[in-house]
Amino acid sequence: MNRAFVWIVVGLLGVCPQLVFADTIFSFYGLGDMVRRIDARSRSMGGAGRALIDGQNFSTNNPALLASFVRPSVSAQFFAQRRMLSGGGALNDGDVGTFQMVLPLSGGTVVSMGFDPLTDMDFGAADTLASGGQTYYSVLDASGGVQAISLSVAHRFGKMYLGGRLDWVAMGTINEIWIKKFEGIDLFDSRDVVNRTHRGWLPSFGAVYAPNQHWSLGGHLQIERRIRQRQILTTRWVSESAAVKIETRSHEKLPNIVGAGVVYRAGYRWLAAADAERAFWGQTGTGRFNTWDLSAGVLVRMGNPDPLEQGRRIEFNAGMHYRTLYFPTLSGSQIGEIGASFGVALPLKNQTGRFRYGIEVGTRGDRNKHGISEKFILQTFSITGFFQ
(Lines give C-alpha, C1' and ligand atoms only; values in the text may rest on other atoms or scores of the structure.)
Protein backbone atom coordinates (compact mmCIF):
# COMPACT_ATOMS: atom_id res chain seq x y z
CA MET A 1 0.00 0.00 0.00
CA ASN A 2 1.44 3.36 -1.04
CA ARG A 3 0.87 5.71 1.90
CA ALA A 4 2.21 8.64 -0.11
CA PHE A 5 -0.98 8.41 -2.19
CA VAL A 6 -2.97 9.40 0.90
CA TRP A 7 -1.19 12.75 0.96
CA ILE A 8 -1.66 13.12 -2.81
CA VAL A 9 -5.40 12.61 -2.37
CA VAL A 10 -5.60 15.02 0.56
CA GLY A 11 -3.51 17.55 -1.36
CA LEU A 12 -5.82 17.30 -4.35
CA LEU A 13 -8.80 17.84 -2.08
CA GLY A 14 -7.20 21.11 -0.98
CA VAL A 15 -6.03 22.33 -4.37
CA CYS A 16 -8.86 21.28 -6.67
CA PRO A 17 -11.72 19.73 -4.69
CA GLN A 18 -14.06 20.16 -7.67
CA LEU A 19 -12.14 17.38 -9.46
CA VAL A 20 -12.25 14.89 -6.63
CA PHE A 21 -15.08 12.86 -5.15
CA ALA A 22 -14.71 11.95 -1.49
CA ASP A 23 -17.21 10.56 1.02
CA THR A 24 -15.38 12.30 3.86
CA ILE A 25 -11.75 13.12 4.52
CA PHE A 26 -12.20 13.10 8.27
CA SER A 27 -12.00 9.40 9.03
CA PHE A 28 -9.19 7.95 6.90
CA TYR A 29 -6.17 7.91 9.15
CA GLY A 30 -4.72 5.45 11.65
CA LEU A 31 -7.55 3.59 13.35
CA GLY A 32 -10.20 6.00 12.04
CA ASP A 33 -12.40 8.53 13.80
CA MET A 34 -12.99 7.80 17.48
CA VAL A 35 -16.63 7.03 18.34
CA ARG A 36 -18.05 8.98 21.27
CA ARG A 37 -18.95 6.38 23.91
CA ILE A 38 -22.28 7.86 24.96
CA ASP A 39 -25.86 6.62 24.91
CA ALA A 40 -28.73 8.11 22.91
CA ARG A 41 -29.85 10.37 25.74
CA SER A 42 -26.39 11.88 26.25
CA ARG A 43 -25.98 12.36 22.50
CA SER A 44 -29.25 14.33 22.48
CA MET A 45 -27.74 16.46 25.27
CA GLY A 46 -24.70 17.33 23.16
CA GLY A 47 -22.72 14.44 24.65
CA ALA A 48 -22.93 15.51 28.30
CA GLY A 49 -23.89 13.16 31.12
CA ARG A 50 -20.87 11.29 32.48
CA ALA A 51 -21.97 12.40 35.97
CA LEU A 52 -25.70 11.67 35.46
CA ILE A 53 -26.62 8.84 37.86
CA ASP A 54 -30.29 7.91 37.73
CA GLY A 55 -30.32 4.24 36.75
CA GLN A 56 -30.95 5.05 33.09
CA ASN A 57 -27.53 6.17 31.82
CA PHE A 58 -26.09 3.61 29.38
CA SER A 59 -23.05 5.69 28.38
CA THR A 60 -19.94 3.53 28.59
CA ASN A 61 -17.37 6.35 28.82
CA ASN A 62 -17.68 6.33 32.63
CA PRO A 63 -18.10 2.79 34.07
CA ALA A 64 -19.11 4.19 37.50
CA LEU A 65 -22.52 5.13 36.03
CA LEU A 66 -23.51 1.47 36.25
CA ALA A 67 -23.67 1.61 40.04
CA SER A 68 -26.91 3.62 39.88
CA PHE A 69 -28.88 0.82 38.16
CA VAL A 70 -31.36 -1.02 40.38
CA ARG A 71 -33.11 -3.14 37.72
CA PRO A 72 -31.74 -5.48 35.03
CA SER A 73 -31.64 -3.45 31.83
CA VAL A 74 -30.73 -3.65 28.17
CA SER A 75 -30.02 -0.98 25.54
CA ALA A 76 -29.41 -0.99 21.77
CA GLN A 77 -28.65 1.89 19.40
CA PHE A 78 -28.63 2.56 15.66
CA PHE A 79 -27.16 5.57 13.83
CA ALA A 80 -28.02 7.00 10.42
CA GLN A 81 -25.86 9.81 9.07
CA ARG A 82 -25.76 12.03 6.00
CA ARG A 83 -22.62 14.04 5.18
CA MET A 84 -22.61 16.86 2.63
CA LEU A 85 -19.27 18.14 1.30
CA SER A 86 -18.56 21.78 0.62
CA GLY A 87 -17.03 20.77 -2.75
CA GLY A 88 -20.13 18.79 -3.74
CA GLY A 89 -21.28 15.23 -3.11
CA ALA A 90 -22.90 13.51 -0.16
CA LEU A 91 -22.78 10.21 1.71
CA ASN A 92 -25.45 8.27 3.59
CA ASP A 93 -24.39 5.59 6.02
CA GLY A 94 -25.82 3.66 8.95
CA ASP A 95 -24.13 1.89 11.84
CA VAL A 96 -25.20 -0.24 14.77
CA GLY A 97 -24.09 1.40 18.00
CA THR A 98 -23.52 0.03 21.47
CA PHE A 99 -25.47 -2.98 22.72
CA GLN A 100 -25.36 -3.28 26.50
CA MET A 101 -26.80 -5.57 29.18
CA VAL A 102 -26.79 -4.45 32.83
CA LEU A 103 -27.32 -6.81 35.78
CA PRO A 104 -27.50 -5.53 39.40
CA LEU A 105 -26.27 -8.07 41.94
CA SER A 106 -26.83 -8.30 45.68
CA GLY A 107 -24.95 -5.88 47.91
CA GLY A 108 -25.06 -2.95 45.49
CA THR A 109 -22.69 -4.36 42.88
CA VAL A 110 -23.64 -4.03 39.21
CA VAL A 111 -22.05 -5.82 36.25
CA SER A 112 -22.43 -5.18 32.54
CA MET A 113 -21.43 -6.71 29.23
CA GLY A 114 -21.78 -5.18 25.80
CA PHE A 115 -20.44 -4.60 22.32
CA ASP A 116 -18.93 -1.17 21.79
CA PRO A 117 -17.69 0.50 18.57
CA LEU A 118 -14.40 2.31 19.29
CA THR A 119 -13.54 3.79 15.88
CA ASP A 120 -15.26 4.34 12.54
CA MET A 121 -13.86 4.71 9.04
CA ASP A 122 -15.82 5.69 5.93
CA PHE A 123 -13.75 7.28 3.16
CA GLY A 124 -13.75 7.38 -0.62
CA ALA A 125 -11.68 9.31 -3.18
CA ALA A 126 -11.08 9.10 -6.92
CA ASP A 127 -9.10 11.13 -9.45
CA THR A 128 -7.03 10.95 -12.63
CA LEU A 129 -3.29 11.14 -11.93
CA ALA A 130 -0.06 10.84 -13.89
CA SER A 131 3.14 8.93 -13.12
CA GLY A 132 6.14 8.14 -15.34
CA GLY A 133 4.44 9.61 -18.38
CA GLN A 134 1.40 7.37 -17.95
CA THR A 135 -2.07 8.55 -16.93
CA TYR A 136 -4.13 6.38 -14.66
CA TYR A 137 -7.39 6.54 -12.75
CA SER A 138 -6.97 6.01 -8.98
CA VAL A 139 -9.70 4.96 -6.59
CA LEU A 140 -9.52 4.55 -2.82
CA ASP A 141 -12.33 3.20 -0.65
CA ALA A 142 -12.01 2.54 3.06
CA SER A 143 -14.60 1.36 5.57
CA GLY A 144 -15.06 -0.44 8.86
CA GLY A 145 -13.70 0.24 12.32
CA VAL A 146 -12.51 -1.22 15.60
CA GLN A 147 -14.99 -2.71 18.07
CA ALA A 148 -14.67 -4.21 21.52
CA ILE A 149 -16.43 -6.57 23.89
CA SER A 150 -16.77 -4.56 27.09
CA LEU A 151 -16.94 -6.02 30.58
CA SER A 152 -17.71 -3.62 33.46
CA VAL A 153 -18.32 -3.73 37.20
CA ALA A 154 -19.40 -0.93 39.54
CA HIS A 155 -20.36 -0.47 43.17
CA ARG A 156 -21.98 2.26 45.26
CA PHE A 157 -20.35 3.34 48.53
CA GLY A 158 -22.85 5.77 50.02
CA LYS A 159 -22.49 9.00 48.04
CA MET A 160 -19.58 7.64 46.00
CA TYR A 161 -19.97 5.47 42.87
CA LEU A 162 -16.90 3.60 41.59
CA GLY A 163 -16.48 1.44 38.49
CA GLY A 164 -14.03 -0.21 36.14
CA ARG A 165 -14.23 -1.43 32.55
CA LEU A 166 -12.10 -3.76 30.47
CA ASP A 167 -12.44 -3.62 26.70
CA TRP A 168 -11.37 -6.69 24.77
CA VAL A 169 -10.49 -5.36 21.33
CA ALA A 170 -11.35 -8.43 19.27
CA MET A 171 -13.98 -7.30 16.79
CA GLY A 172 -14.21 -5.14 13.70
CA THR A 173 -12.10 -4.90 10.56
CA ILE A 174 -10.72 -1.90 8.69
CA ASN A 175 -10.79 -2.55 4.94
CA GLU A 176 -9.12 -0.53 2.20
CA ILE A 177 -9.37 -0.99 -1.57
CA TRP A 178 -6.84 0.76 -3.83
CA ILE A 179 -7.38 0.58 -7.61
CA LYS A 180 -5.18 1.81 -10.48
CA LYS A 181 -6.52 1.75 -14.03
CA PHE A 182 -4.04 2.86 -16.69
CA GLU A 183 -5.40 4.33 -19.91
CA GLY A 184 -4.84 1.87 -22.74
CA ILE A 185 -2.44 -0.38 -20.78
CA ASP A 186 -4.46 -3.13 -19.17
CA LEU A 187 -1.36 -5.09 -18.19
CA PHE A 188 -0.50 -2.74 -15.35
CA ASP A 189 -3.94 -2.32 -13.88
CA SER A 190 -3.91 -3.29 -10.20
CA ARG A 191 -6.22 -3.75 -7.27
CA ASP A 192 -4.83 -3.74 -3.73
CA VAL A 193 -7.01 -4.89 -0.84
CA VAL A 194 -5.86 -4.22 2.72
CA ASN A 195 -7.55 -5.91 5.70
CA ARG A 196 -6.58 -4.78 9.20
CA THR A 197 -7.68 -6.61 12.37
CA HIS A 198 -6.77 -5.78 15.95
CA ARG A 199 -6.35 -7.54 19.29
CA GLY A 200 -5.70 -6.15 22.76
CA TRP A 201 -7.04 -5.01 26.11
CA LEU A 202 -8.06 -1.49 27.13
CA PRO A 203 -8.74 -0.69 30.83
CA SER A 204 -10.75 2.28 32.15
CA PHE A 205 -11.81 3.52 35.57
CA GLY A 206 -14.48 5.97 36.71
CA ALA A 207 -16.06 7.66 39.71
CA VAL A 208 -19.13 9.76 40.50
CA TYR A 209 -19.70 11.71 43.73
CA ALA A 210 -23.20 12.92 44.63
CA PRO A 211 -23.02 15.10 47.78
CA ASN A 212 -26.73 15.94 47.69
CA GLN A 213 -29.87 15.53 45.58
CA HIS A 214 -28.99 18.48 43.34
CA TRP A 215 -25.34 18.02 42.37
CA SER A 216 -23.16 15.18 41.12
CA LEU A 217 -19.57 15.21 39.86
CA GLY A 218 -17.99 12.49 37.73
CA GLY A 219 -14.75 11.59 36.04
CA HIS A 220 -13.02 8.75 34.24
CA LEU A 221 -9.57 7.69 33.08
CA GLN A 222 -8.70 5.42 30.15
CA ILE A 223 -5.17 3.99 30.30
CA GLU A 224 -2.91 4.21 27.24
CA ARG A 225 -2.38 0.79 25.68
CA ARG A 226 -0.82 -0.80 22.61
CA ILE A 227 -3.00 -3.14 20.60
CA ARG A 228 -1.69 -5.64 18.06
CA GLN A 229 -2.51 -5.03 14.40
CA ARG A 230 -2.52 -7.76 11.75
CA GLN A 231 -2.47 -6.43 8.20
CA ILE A 232 -2.97 -8.52 5.05
CA LEU A 233 -2.26 -6.88 1.70
CA THR A 234 -3.61 -8.68 -1.37
CA THR A 235 -2.46 -7.35 -4.76
CA ARG A 236 -4.10 -8.48 -8.00
CA TRP A 237 -3.11 -7.73 -11.61
CA VAL A 238 -5.17 -8.10 -14.81
CA SER A 239 -7.23 -11.04 -13.57
CA GLU A 240 -8.49 -12.16 -10.20
CA SER A 241 -6.36 -15.30 -10.46
CA ALA A 242 -3.06 -13.44 -10.26
CA ALA A 243 -2.62 -12.35 -6.66
CA VAL A 244 0.13 -11.80 -4.13
CA LYS A 245 -0.51 -11.73 -0.38
CA ILE A 246 1.74 -10.03 2.16
CA GLU A 247 1.07 -10.23 5.89
CA THR A 248 2.60 -7.84 8.42
CA ARG A 249 2.14 -7.34 12.15
CA SER A 250 2.58 -4.14 14.13
CA HIS A 251 1.18 -2.21 17.08
CA GLU A 252 -1.16 0.77 17.36
CA LYS A 253 -1.43 3.01 20.41
CA LEU A 254 -4.68 4.12 21.98
CA PRO A 255 -4.19 7.21 24.16
CA ASN A 256 -4.65 8.21 27.75
CA ILE A 257 -8.09 9.84 28.06
CA VAL A 258 -9.26 11.96 30.98
CA GLY A 259 -12.88 13.12 31.28
CA ALA A 260 -14.95 15.02 33.83
CA GLY A 261 -18.57 16.10 34.15
CA VAL A 262 -21.03 17.88 36.39
CA VAL A 263 -24.82 17.63 36.69
CA TYR A 264 -27.29 19.96 38.41
CA ARG A 265 -30.81 18.69 39.09
CA ALA A 266 -33.47 21.31 39.73
CA GLY A 267 -35.92 18.59 40.73
CA TYR A 268 -38.10 16.18 38.80
CA ARG A 269 -38.75 18.44 35.81
CA TRP A 270 -35.30 19.37 34.54
CA LEU A 271 -31.55 19.05 34.89
CA ALA A 272 -28.44 20.44 33.21
CA ALA A 273 -25.08 18.77 32.51
CA ALA A 274 -21.65 19.77 31.20
CA ASP A 275 -18.68 17.55 30.26
CA ALA A 276 -15.08 17.90 29.14
CA GLU A 277 -12.72 15.24 27.80
CA ARG A 278 -9.03 15.38 26.87
CA ALA A 279 -7.37 12.61 24.81
CA PHE A 280 -3.55 12.63 24.50
CA TRP A 281 -3.17 11.44 20.91
CA GLY A 282 0.02 13.47 20.49
CA GLN A 283 1.86 10.73 22.42
CA THR A 284 0.71 7.96 20.06
CA GLY A 285 2.15 9.08 16.70
CA THR A 286 4.07 11.78 14.87
CA GLY A 287 1.99 14.75 13.80
CA ARG A 288 -1.10 13.73 15.75
CA PHE A 289 -3.01 16.28 17.80
CA ASN A 290 -4.28 15.99 21.35
CA THR A 291 -8.06 16.37 21.28
CA TRP A 292 -10.86 18.07 23.23
CA ASP A 293 -14.50 17.08 23.53
CA LEU A 294 -16.66 19.73 25.23
CA SER A 295 -20.42 19.36 25.65
CA ALA A 296 -23.39 20.77 27.53
CA GLY A 297 -27.07 19.92 27.56
CA VAL A 298 -30.41 19.95 29.36
CA LEU A 299 -33.14 17.40 30.07
CA VAL A 300 -36.80 18.37 30.56
CA ARG A 301 -39.55 15.98 31.72
CA MET A 302 -43.24 16.57 31.19
CA GLY A 303 -45.94 15.91 33.76
CA ASN A 304 -45.48 15.35 37.49
CA PRO A 305 -43.61 12.76 39.56
CA ASP A 306 -45.32 9.39 39.56
CA PRO A 307 -44.32 7.21 42.58
CA LEU A 308 -46.11 4.17 41.15
CA GLU A 309 -44.41 4.66 37.77
CA GLN A 310 -47.70 4.14 35.96
CA GLY A 311 -47.60 7.33 33.89
CA ARG A 312 -45.98 7.74 30.51
CA ARG A 313 -43.91 10.91 30.85
CA ILE A 314 -42.38 12.32 27.68
CA GLU A 315 -38.80 13.56 27.99
CA PHE A 316 -37.01 16.18 25.86
CA ASN A 317 -33.26 16.75 25.53
CA ALA A 318 -31.13 19.40 23.85
CA GLY A 319 -27.45 20.31 23.80
CA MET A 320 -24.33 21.44 21.96
CA HIS A 321 -20.80 20.11 21.58
CA TYR A 322 -17.39 21.01 20.22
CA ARG A 323 -14.63 18.51 19.60
CA THR A 324 -11.33 18.26 17.75
CA LEU A 325 -9.86 15.32 15.79
CA TYR A 326 -6.40 13.81 16.19
CA PHE A 327 -5.58 13.48 12.46
CA PRO A 328 -2.46 15.23 11.09
CA THR A 329 -3.15 17.80 8.34
CA LEU A 330 -1.01 19.30 5.58
CA SER A 331 -1.81 22.80 6.80
CA GLY A 332 -0.90 21.99 10.40
CA SER A 333 -4.34 23.19 11.50
CA GLN A 334 -6.36 20.80 13.65
CA ILE A 335 -9.74 19.63 12.37
CA GLY A 336 -12.68 20.69 14.52
CA GLU A 337 -16.35 19.77 14.78
CA ILE A 338 -19.28 21.67 16.23
CA GLY A 339 -22.85 20.44 16.54
CA ALA A 340 -26.25 20.95 18.14
CA SER A 341 -28.66 18.15 19.09
CA PHE A 342 -32.25 17.55 20.12
CA GLY A 343 -34.01 14.40 21.29
CA VAL A 344 -37.23 12.98 22.64
CA ALA A 345 -37.95 9.87 24.74
CA LEU A 346 -41.27 8.03 24.72
CA PRO A 347 -41.70 5.75 27.75
CA LEU A 348 -43.22 2.34 27.21
CA LYS A 349 -46.13 1.11 29.31
CA ASN A 350 -45.48 0.91 33.07
CA GLN A 351 -41.99 2.35 32.54
CA THR A 352 -40.72 -0.96 31.18
CA GLY A 353 -38.48 0.87 28.74
CA ARG A 354 -38.04 3.82 26.42
CA PHE A 355 -37.81 4.57 22.76
CA ARG A 356 -35.45 7.46 22.06
CA TYR A 357 -34.95 9.48 18.93
CA GLY A 358 -32.28 12.14 18.54
CA ILE A 359 -31.06 14.36 15.74
CA GLU A 360 -27.72 16.13 15.60
CA VAL A 361 -26.60 18.71 13.02
CA GLY A 362 -23.21 20.33 12.63
CA THR A 363 -20.07 20.95 10.60
CA ARG A 364 -16.59 19.42 10.44
CA GLY A 365 -13.43 20.98 9.10
CA ASP A 366 -12.66 24.35 7.53
CA ARG A 367 -12.52 24.68 3.75
CA ASN A 368 -9.93 27.47 3.88
CA LYS A 369 -7.62 25.50 6.18
CA HIS A 370 -8.26 21.89 5.13
CA GLY A 371 -9.39 22.26 1.51
CA ILE A 372 -12.85 20.95 2.22
CA SER A 373 -15.47 20.85 4.96
CA GLU A 374 -18.65 18.92 5.53
CA LYS A 375 -22.05 19.41 7.10
CA PHE A 376 -23.66 16.43 8.77
CA ILE A 377 -27.04 15.27 10.00
CA LEU A 378 -26.89 12.36 12.44
CA GLN A 379 -30.00 10.55 13.62
CA THR A 380 -29.97 8.19 16.60
CA PHE A 381 -32.55 5.51 17.39
CA SER A 382 -32.49 3.64 20.69
CA ILE A 383 -34.56 1.09 22.57
CA THR A 384 -33.99 0.51 26.29
CA GLY A 385 -35.75 -2.03 28.48
CA PHE A 386 -36.00 -2.29 32.29
CA PHE A 387 -36.97 -5.58 33.91
CA GLN A 388 -38.48 -6.23 37.32
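Attention in this report is confined to the structure presented alongside it. Quick caveat, the model's predicted, so the values are computed rather than measured. (Residues numbered from 1 in each chain as written. Predicted model: local features only at pLDDT ≥ 70, side-chain atom pairs only at ≥ 80, totals over all residues. Heavy atoms only, no water.)

Another point: the pairing of strand β15 (residues 257-265). Here β15 shows one buried face, formed by I257, G259, G261, V263 and R265, and one open face, formed by V258, A260, V262 and Y264. Here β15 runs beside strand β16 (residues 270-279); their pairing, made up of nine bridges, is antiparallel. What sits directly across from R265, in β16, is L271. What sits between β15 and β16 in their antiparallel hairpin is a turn of four residues, with G267 showing a positive phi close to 140 degrees. (Buried < 20%, exposed > 50% of the residue type's maximum accessible area, 1.4 Å probe, protein only. Helix = DSSP H or I, 4+ residues; strand = E, 2+ residues; numbered from the N terminus. Pairing = 2+ DSSP bridges.)

What follows covers the side chain of R41. Secondary-structure assignment places R41 in helix α2 (residues 40-44). On the accessibility criterion, R41 (1% relative accessible area) is buried.

Under the definition given, this model contains 14 aromatic pairs. Between F58 and F69, the ring centres sit 5.1 Å apart and the planes meet at 65 degrees, which makes this aromatic pair edge-to-face. Remark: F69 occurs in the loop between α2 and β3 (73-85) and F58 occurs in the loop between α2 and β3; sequence separation between them is 11 residues. Their ring planes at 25 degrees and their centres at 6.4 Å tell us that F99 and F115 sit as a pair that is stacked. A residue pair is termed long-range when its members are at least 10 positions apart, and F99 in strand β4 (residues 90-104) and F115 in strand β5 (residues 109-117) qualify at 16 residues. Take F115: its relative accessible area is 33%, and that puts it in the partly exposed class. The ring of Y268 is capped by R301, whose NZ or CZ atom sits 5.8 Å from the centre of that ring. Cation over ring: R364 sits above F376, and NZ or CZ is 4.0 Å from the ring centre. (Phe/Tyr/Trp six-rings, centres within 6.5 Å; stacked < 30°, edge-to-face > 60°. Lys NZ or Arg CZ within 6 Å of the ring centre and 35° of its normal.)

The subject of this paragraph is the pairing of β4. Of the strand pairs in this sheet, β3 and β4 are connected by 11 bridges, and their pairing is antiparallel. The residue of β4 that forms the bridge with A76 is F99. Hairpin connection between β3 and β4: a loop of four residues separates the two successive antiparallel strands, and G88 in this loop has a positive phi of roughly 105 degrees. Relative to β5, β4 is paired through six bridges, and the arrangement is antiparallel. Among the inter-strand pairings, Q100 is bridged to a residue of β5, identified as G114. Between β4 and β5, which pair antiparallel and follow one another directly, the connecting turn spans four residues, one of which, G107, has a positive phi of 85 degrees.

Side chains that carry opposite charge are capable of pairing whenever their charged atoms lie near each other. Applying the stated criterion to the full structure yields 21 salt bridges. Measuring nitrogen to oxygen at the nearest pair gives 2.7 Å for the salt bridge that ties D167 to R37. Linking D167 in strand β9 (residues 160-171) with R37 in the loop between β2 (33-34) and α2, this pair joins segments that are 130 residues apart in sequence. Judged by relative accessible area, which is 0%, D167 ranks as buried. For R37, a relative accessible area of 11% corresponds to the buried category. Here R43 ties to E360 by a salt bridge, and the two come within 3.7 Å at their closest N and O atoms. (Salt bridge = Lys/Arg side-chain N within 4 Å of Asp/Glu carboxyl O.)

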